[in-house]
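So you can see what is in the structure, the chains are spelled out below.
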Amino acid sequence: MEAAADRTLLLGAFAGGELVGMAMLDGFPHVRRRHAASLAVAVAPAMQRRGLGDALVRAALDAADRWWGYVRVELGVHAEHAAAIALYEKHGFVIETRRPRDMWTDGVLKDGLGMARLRPGFVAPPAIGAPPSVPPRATRADVVVRPRRRSDAEAFARLHETESVVDGTFQLPFQSALSWERRFEVTQPGSHVLVAEVSGELVGATGLFPLGPSPRMRHAADFGMAVRPDAQGRGVGEALMRAVIDLADRWLGLERLVLEVYVDNERARRLYERHGFVVEGVERAMAFRRGTYADAYAMGRLRQRG
């Protein structure tokens, strides 16, 4: 197991010198999500229902609140695991999302729940600045979708330097072409990144990204999109959606696609809904944006058969 020393807390519970339970509090590395962490708890079957899980969760949350300063702690749990759900609810977690076909278990895809807890007493600060204006719809463009190339770094820097794109994604402003070149070099295995061109100019990008290294999640992928403001409302998003869903359904055999979209981004939400995504819940204080913490819809799409 690899864990970042400055972002991860590992706790163990021992009986007779034997490890019988553990908890891992793992902070998200992205700067706009550094206020959030994931929690994982495991207890040996023979030690369950004896207060060990309760003690581990209590210790992890005490560290999150008092020493690490996390605003948000989140976790996933099987929808049928009533005992675990009750334990987490006891410690302030609430069900935010319901995830069909979430994870392989005993040879079948089981549904899952996303649960989260905000630090007690937390009040989000006021936003700094107004949201970017939404460009009006314009003449449909002739869009060409192709794979990303190593030579696209400069165009990616231009795409992500606009306030609209930064506001609607997890990206940061002032990213150089060199920083994008370096990111291209360490692309996560199994990722697929596509770009959209209009009149030979890169105006949008999308991608599919594995949810993690676990083979139990190999059926699912995360999805993201960015479209330059002057190209929005011209069919660029539609073209990217069609291409990435065709890739997922016909060639990768993915059962499930997931994404997060800020609750105030109605145009993007409607685009995703037209292509089969449904809202699975609301994630509170999901990302830092405009000087405060923004909520996001968790959306998912299941592959259509037949």
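Above this text is the structure in question.
Source: prediction; values computed, not measured. Along every chain, residues carry numbers that run from 1 in the direction the sequence is written. A pLDDT threshold of at least 70 governs which residues receive local features in this predicted model, and a stricter bar of 80 or more applies before side-chain atom pairs are shown or counted, although totals over entire chains, interfaces and linings include all residues. Side-chain calculation: all heavy atoms of the structure are included, whereas hydrogens and water are not.

*Asks:* Lay out the layout of surface pockets in plain terms, naming residues and giving numbers.
*Replies:* A volume near 210 Å³ is recorded for the second largest pocket. The way it works is that DSSP assigns letters per residue, a run of H or I at least four long becomes a helix, a run of E at least two long becomes a strand, and they are numbered from the N terminus. Only helix H4 (163-168) and strand S12 (278-289) provide two or more residues apiece to the lining of the second largest pocket. The biggest single contributor to the lining of the second largest pocket is H4, with three residues. The residue classification treats Ala, Val, Leu, Ile, Met, Phe, Trp, Tyr, Cys and Pro as nonpolar and Asp, Glu, Lys and Arg as charged. All others, Gly included, are polar. Looking at the lining of the second largest pocket, its residues break down into six nonpolar, three polar and five charged. Cavity: a set of points on a 1 Å grid over the protein atoms alone where a 1.4 Å probe fits but cannot get out. Pocket: an open set with protein on both sides within 12 Å along at least five of seven lines, its lining residues, like those of a cavity, having an atom within 4 Å of a point. Grid points are joined across faces, edges and corners, and a volume is the space filled by probe spheres set on the points.

*Asks:* Explain the pattern of salt bridges to me, and be specific about the residues and the numbers.
*Replies:* Pairing between side chains of opposite charge can happen when the charged atoms of each approach one another. For this document, the term salt bridge refers to a Lys or Arg side-chain nitrogen within 4 Å of an Asp or Glu carboxyl oxygen. The tally for this structure, following the rule as stated, stands at 25 salt bridges. In this structure, Asp-54 engages Lys-90 in a salt bridge whose closest nitrogen and oxygen atoms are separated by 2.8 Å. On the criterion of sequence distance, the pair formed by Asp-54 in helix H1 (residues 52-68) and Lys-90 in helix H2 (residues 82-90) is long-range, its members being 36 residues apart. Across the pair Glu-96 and Arg-284 runs a salt bridge, and its minimum N-O distance is 2.7 Å. Of this pair, Glu-96 sits in strand S5 (residues 94-105) while Arg-284 sits in strand S12, placing them 188 residues apart in sequence. When salt bridges that share partners are traced, they join Arg-33, Arg-72, Glu-74, Glu-96 and Arg-284 into one network.

*Asks:* Outline the pairing of strand S1 (residues 8-15), listing residues and values.
*Replies:* Strands were regarded as paired on the criterion that DSSP finds at least two bridges between them. Bridging between S1 and strand S2 (residues 18-27) involves eight bridges; their strand directions are antiparallel. Bridge pairing links Leu-11 to Ala-23 in S2. Linking two consecutive strands that pair antiparallel, namely S1 and S2, is a turn of two residues; a positive phi of about 60 degrees is found at Gly-16 within it.

*Asks:* Hey, could you go over the environment of Pro-213 for me, with residue numbers and the actual values?
*Replies:* With respect to the helices and strands, the residue Pro-213 is situated in the loop between strand S9 (201-210) and strand S10 (220-227). Residue Pro-213 is classed as exposed on the basis of its relative accessible area, which comes to 86%. Sequence separation between Pro-213 and Val-43 is 170 residues, and the spatial gap between their C-alpha atoms is 22 Å. The buried label applies to any residue whose accessible area, calculated with a 1.4 Å probe on protein chains only, is under 20% of its type's maximum; exposed applies above 50%, and partly exposed to all values in between.

*Asks:* Residues and numbers for H1, please.
*Replies:* The first and last C-alpha atoms of H1 sit 22 Å apart over 17 residues, in line with the 24 Å expected at 1.5 Å per residue. Contacts between residues were defined by any pair of non-hydrogen atoms, one from each residue, lying within 4.5 Å. Where H1 is buried, its residues touch S1, S2, strand S3 (36-43), strand S4 (72-78), H2 and strand S6 (108-118). Two residues or fewer after H1 comes Gly-69, characterised by a positive phi angle close to 70 degrees. Multiplying 1.5 Å by the residue count of a helix minus one yields the expected span of that helix.

*Asks:* Talk me through the packing of helix H6 (residues 236-252) against helix H7 (residues 266-274); I want residue IDs and the actual numbers.
*Replies:* The contact between H6 and H7 brings their axes to 10 Å, and the two run at 40 degrees. For the pair H6 and H7, the sense of crossing is right-handed. Contact residues: Gly-237, Glu-238 and Met-241 in H6; Leu-271, Tyr-272 and Arg-274 in H7. Along the lines of polarity and charge, the residues of the contact of H6 with H7 split into three nonpolar, one polar and two charged. To obtain an axis, a line is fitted to C-alpha atoms, over the contacting stretch when the element is a helix, and the angle between two such axes runs from 0 to 180 degrees between their N-to-C directions. Note on convention: near helix rotated counterclockwise from far helix by under a right angle means a left-handed crossing. Clockwise means right-handed.

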